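If you want the building blocks of each chain, they are given just below.
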Amino acid sequence: MNAFERRIRTIIEAEGPLPLSRYMTLCLSDPHHGYYTTRDPLGVSGDFTTAPEISQMFGELIGLWCAEVWRAMSAAGGAARGAPQRLHLAELGPGRGTLMKDLLRAAKIVPDFLSAIDVHLVETSPVLAGRQRETLANAHPEISWHTRVEELPEGPLIVVANEFVDALPIDQFVKTQDGWRERRIGIVDGKLAFGLDPRPVPGIDESLPPRLRKAFVDSVLERRELGPVREIATRIAKAGGAALIVDYGHRRTTLAHTLQAVRAHEFADPLELPGEADLTSLVDFEALADSVKQQGARPWGPISQGVFLRRLGIEPRAERLKRDADAKTRADIDAALHRLVGEAPRQMGELFKAFAFTHPELPAPPGFDS
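Report on the accompanying structure. Note that the coordinates shown come from a computational prediction; the quantities given were computed from them, not determined experimentally.

What counts and how
Residues numbered from 1 in each chain as written. Predicted model: local features only at pLDDT ≥ 70, side-chain atom pairs only at ≥ 80, totals over all residues. Heavy atoms only, no water. Core = buried A, V, L, I, M, F, W, Y, C linked by side-chain atoms within 4.5 Å. Buried < 20%, exposed > 50% of the residue type's maximum accessible area, 1.4 Å probe, protein only. Contact = heavy atoms within 4.5 Å. Pairing = 2+ DSSP bridges. Helix = DSSP H or I, 4+ residues; strand = E, 2+ residues; numbered from the N terminus. Axes fitted to C-alpha atoms, helices over the stretch in contact; angles between N-to-C directions. Arc of directions from axis to C-beta. Parallel < 35°, antiparallel > 145°, perpendicular 65-115°, else oblique. Left-handed = near helix turned anticlockwise from the far one by under 90°. Nonpolar A, V, L, I, M, F, W, Y, C, P; charged D, E, K, R; others polar. Lys, Arg positive; Asp, Glu negative; His and termini not counted. Salt bridge = Lys/Arg side-chain N within 4 Å of Asp/Glu carboxyl O. Polar contact = N/O pair within 3.5 Å; in protein donor to acceptor, adjacent residues only side chain to side chain.

1. Re the nonpolar core
- Formed by 53 residues in total, the largest nonpolar core has its most connected members in Trp65, Leu89 and Phe113.
- Non-local contacts of Trp65, meaning those with residues more than four positions away in its chain, are made with Ile158, Ala242, Ala243, Leu244, Phe308, Leu312, Ala356, Pro365, Pro366 and Phe368.
- In terms of nonpolar packing, the next biggest core, distinct from the first, is built from 26 residues, Leu157, Ala161, Ile232 and Leu288 among them.

Structure, rendered in structure tokens:
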């Protein structure tokens, strides 16, 4: 038992069993013990590796995606809140700043786009914000940091979020003989354990897609707190712009337990050593699209990451990078390409999805127009 578990036990003893979303928020965001607020979790020496850390190609293609969206906004004119003299480019959960660095470097081929933007990073971790400042030193003259999306300035907006939504807290509900009941975390036999609230939660069946309303007993429904995404969608619907979300998940709402903990690149018990493992769950892109539409934005996708990156030109980009490279570098580029676009069920190219939303009068963004 670590010191943070003792604190969580004190909260449970005072307040009763915790909703899963409260437990996740504590584990990930506590200012003194939270997983994201106290460490750099990325890379071989950390707990997981994200696409921008695998290859520069990922961030470069997203940089060109952003520049093309800006061009589309300019072409659309006032009907889609286009032609912005100033544009806010924001990244949610920017990791070490690698994606943004590669994005800005690639976007140099569209100098008017670079001149139009100021850059905003939404980051809750002081440790990672420090790494981002190092990575992005001299990358762009106007870079600001924020801890909440609500702090982003008003105006036209392009947002990028890679592996951000999967870490937003979820609640879980389990179908029982007497209805849906919320899964909570309490103390059983001296250990943190999952249990069910004794009170059924009304109205869940009616809120599900019709195909899921006759769920079997023991089915698990996950609902995510999408406040940051709704805030971005509301702003884009009002002021113009687009957002790109790349994350792992299901195209349609699925009744399944997908909460997972990762420590040192291995799966771990989510209730063991709280604050010392990454906690995530698969993104429900159907629910995400519904939420975006409710805020007045237009959703696009999802499509698989492999399809998205191929449509943006990752294979020609890989060939260009290999032209003057030595044999080892060429092999590394090929390995990175395969890792990013591989389409076997558990490979990133299929497991991860690309999803976008725009002002309702903008055309399909790059990658979503085929």
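Having seen the model, we can carry on.
2. Digging into the sheet that holds strand E13 (residues 278-280)
- Ordered by their spatial adjacency, three strands build an open sheet running E12-E11-E13, and the pairing between neighbours is antiparallel. Every interior strand has two partners, whereas the edge strands, strand E12 (266-268) and E13, have only one. Neighbour-to-neighbour, the strand axes of the sheet open up by a mean angle of 40°, direction not taken into account.

3. A few points about helix H11 (residues 305-312)
- Those residues of H11 that fall on the buried side of the exposure criterion are Gln305, Gly306, Phe308 and Leu309. Take H11 and look down its axis: the buried residues cluster within an arc of 165°, on one side only.
- Remark: Gly313 follows H11 within two positions and exhibits a positive phi of approximately 100°.

4. Section: the packing of helix H4 (residues 56-76) against helix H12 (residues 314-322)
- Packing of H4 against H12 leaves a shortest axis separation of 11 Å and a crossing angle of 125°. With respect to H12, the axis of H4 lies oblique. Of the two possible hands of crossing, H4 and H12 adopt the one that is right-handed. Between H4 and H12, the contacting residues are Gln56, Met57, Glu60 and Leu61 on the first element and Ile314, Arg317, Ala318 and Leu321 on the second.
- Tallied by class, residues from the contact of H4 with H12 come to five nonpolar, one polar and two charged.

5. Notes on the packing of H4 against H11
- Running from N to C, H4 and H11 point in directions that differ by 65°, and their axes come no closer than 10 Å. Judged by the angle between their axes, H4 and H11 are roughly perpendicular. Judged by the sense of rotation from one axis to the other, the crossing of H4 with H11 is left-handed. Contact with H4, carried on its side by Phe58, Leu61 and Trp65, involves Gln305, Phe308, Leu309 and Leu312 of H11 and no other residues of that element.

6. As for helix H7 (residues 126-135)
- Among the residues making up H7, those that are buried are Leu128, Ala129 and Gln132. Down the axis, H7 shows its buried residues gathered within 105° of arc, on one side only. In H7, those exposed residues whose orientation departs by more than 90 degrees from the buried face are Pro126 and Glu134.
- Considering only its buried residues, H7 is in contact with strand E3 (117-122) and strand E4 (143-146).

7. Section: the side chain of Glu123
- Inspection of the secondary structure assignment puts Glu123 in the loop between E3 and H7.
- The buried charged residue Glu123 lacks any salt bridge partner; its closest oppositely charged side chain belongs to Arg133, at an N-O distance of 9.5 Å.
- Side-chain polar atoms of Glu123 contact the backbone nitrogen of Ser125, separated by 3.0 Å.
- If we ignore the near neighbours within four places in the chain, the residues touching Glu123 are Gly93, Pro94, Gly95, Leu128, Ala129, Gln132, Trp145, His146 and Thr147.

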